[in-house]
Amino acid sequence: GIASGVVAFRPSKFFTFSLGHGKNSFGEGYRSLFLSDGAFNYPYFKIETSVWRIKYVNLYTQMTDVRPQVSQNGIYKRKYTTMHFLSWQVTDDFNLNFFESIVWSDSTLQGGFQVDFINPVIFYRPIEFAVGSGGGNAMIGLGSSYRLFKKYKVYGQFTLDEFNAASLAEGAGDWKNKFGWQLGVKGAGTYGKARWFALLEWNAVRPYTYSHREVVTNYGHYNQALAHPWGANFSEVILKNHWDYDRFTADLQVNIG
């Protein structure tokens, strides 16, 4: 069986605290290059802060690596993630958001539970440098969306795992350039009794993105990718349509990758 559930507490209109076992996702698209809901359930603690046009999410999770090569005496290794998602509704139509994650494991840090990574302030890179580059698998992302004509929305994401400008300029496809991007448009509307929804989305991720020099701290859980379900080294186009008319429903989805 699969267990899921959440307990939430809202002490004020600004804060919501959630403790649960389930899934989370960040993004506007059918896929997410930050965090999707395609992987197995996991325990998490989430803090959501909403002030003015800004929503800020702190997400702390415990993940599991079930591969034999990283288990010890038949016991699966645990790893932890800390994620920050900052969404700024710049105008009624334009949204800009920032994402950051760190995957770390007490089996690789030699110092037990690394309390530095509990810091709720976004952008971890200085902390990662302080504890050493082997201390965790860090990733950052940028997303945005814009609403057009009230019925349509253009959106996108860019995720960066590692970048080397010199190698990129050489055009040699260096493995150190690990990043991915998403671009999509979606819309919905009604015509009398008819309702429709349509989406066109392009996702592409370079090889080795989400991976890490420490085997256990890859961006995965129970052998499933935490972002796009295809992992990395792919390009994908999605066409999705849905129609309702009276008591009739029709769906069409095409994935090319």
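Going by the structure above, here's the rest.
We now turn to the structure provided with this report.

Each value, and the rule that gives it
Residues numbered from 1 in each chain as written. Predicted model: local features only at pLDDT ≥ 70, side-chain atom pairs only at ≥ 80, totals over all residues. Heavy atoms only, no water. Phe/Tyr/Trp six-rings, centres within 6.5 Å; stacked < 30°, edge-to-face > 60°. Helix = DSSP H or I, 4+ residues; strand = E, 2+ residues; numbered from the N terminus. Buried < 20%, exposed > 50% of the residue type's maximum accessible area, 1.4 Å probe, protein only. Lys NZ or Arg CZ within 6 Å of the ring centre and 35° of its normal. Core = buried A, V, L, I, M, F, W, Y, C linked by side-chain atoms within 4.5 Å. Pairing = 2+ DSSP bridges. Axes fitted to C-alpha atoms, helices over the stretch in contact; angles between N-to-C directions. 1 Å grid on protein atoms, 1.4 Å probe; cavity = no way out; pocket = protein on both sides within 12 Å on 5 of 7 lines; lining within 4 Å. Points joined across faces, edges and corners; volume = space filled by probe spheres on them. Nonpolar A, V, L, I, M, F, W, Y, C, P; charged D, E, K, R; others polar.

## Description of the packing of aromatic side chains
Going through the model one piece at a time under the given rule, you end up with 15 aromatic pairs. Where phenylalanine 158 meets phenylalanine 179, the ring centres are 5.8 Å apart and the plane angle is 35°; that geometry is what we call tilted. Note that phenylalanine 158 is positioned in strand S8 (residues 152–162) and phenylalanine 179 in strand S9 (residues 178–191), a separation of 21 residues in sequence. Judged by relative accessible area, which is 35%, phenylalanine 158 ranks as partly exposed. When its relative accessible area of 12% is taken as the criterion, phenylalanine 179 is described as buried. These aromatic residues form a ring-pair network of at least three members: Phe26, Phe34, Phe85 and Phe99. For the cation-ring pair, lysine 186 lies above tyrosine 155, with the distance from its terminal atom to the ring centre recorded as 5.6 Å.

## A closer look at the nonpolar core
A general feature of soluble globular proteins is that nonpolar side chains tend to end up buried together. In terms of nonpolar packing, the biggest core is built from 21 residues, with Phe26, Leu35, Met83, Phe99, Tyr210 and Tyr219 touching the most fellow members. Those elements that place two or more of their residues in this core are strand S3 (42–51), strand S4 (54–65), strand S5 (77–89) and strand S6 (94–104). Among the elements that make up this core, the one with the highest residue count is S4 (three residues). With five residues, the next largest nonpolar core counts Tyr80, Trp104, Phe117 and Ala138 among its residues.

## Section: the sheet that holds S9
Backbone hydrogen bonds hold the strands of a sheet together, and the pairing may be parallel or antiparallel. Pairing is antiparallel across the open sheet formed by 12 strands, whose spatial order is S1-S2-S3-S4-S5-S6-S7-S8-S9-S10-S13-S14. Single-partner strands in this sheet number two, and they are strand S1 (5–9) and strand S14 (248–256). When strand polarity is set aside, the average angle formed by the axes of neighbouring strands in this sheet is 10°. As paired strands, S4 and S5 are joined by 12 bridges and run antiparallel to one another. By the bridge assignment, aspartate 65 is partnered in S5 with lysine 77.

## A closer look at the layout of surface pockets
The calculated volume of the second largest pocket comes to roughly 200 Å³. Around the second largest pocket, the lining comprises 19 residues; the ones closest to its centre are Asn218, Tyr219, Gly220, Gln224 and Ala225. Of all the secondary-structure elements, those providing two or more residues to the lining of the second largest pocket are S4, strand S11 (220–221) and strand S12 (224–225). For the lining of the second largest pocket, the per-class residue count stands at seven nonpolar, nine polar and three charged.

## What about unusual backbone geometry?
Peptide bonds are, in most cases, trans, and in most cases residues other than glycine have a negative phi. Even without a glycine there, the phi angle at lysine 150 is positive, about 70°. Tracing the sequence through the fold places lysine 150 in the loop between strand S7 (137–148) and S8. Overall, lysine 150 belongs to the exposed group, its relative accessible area being 78%.

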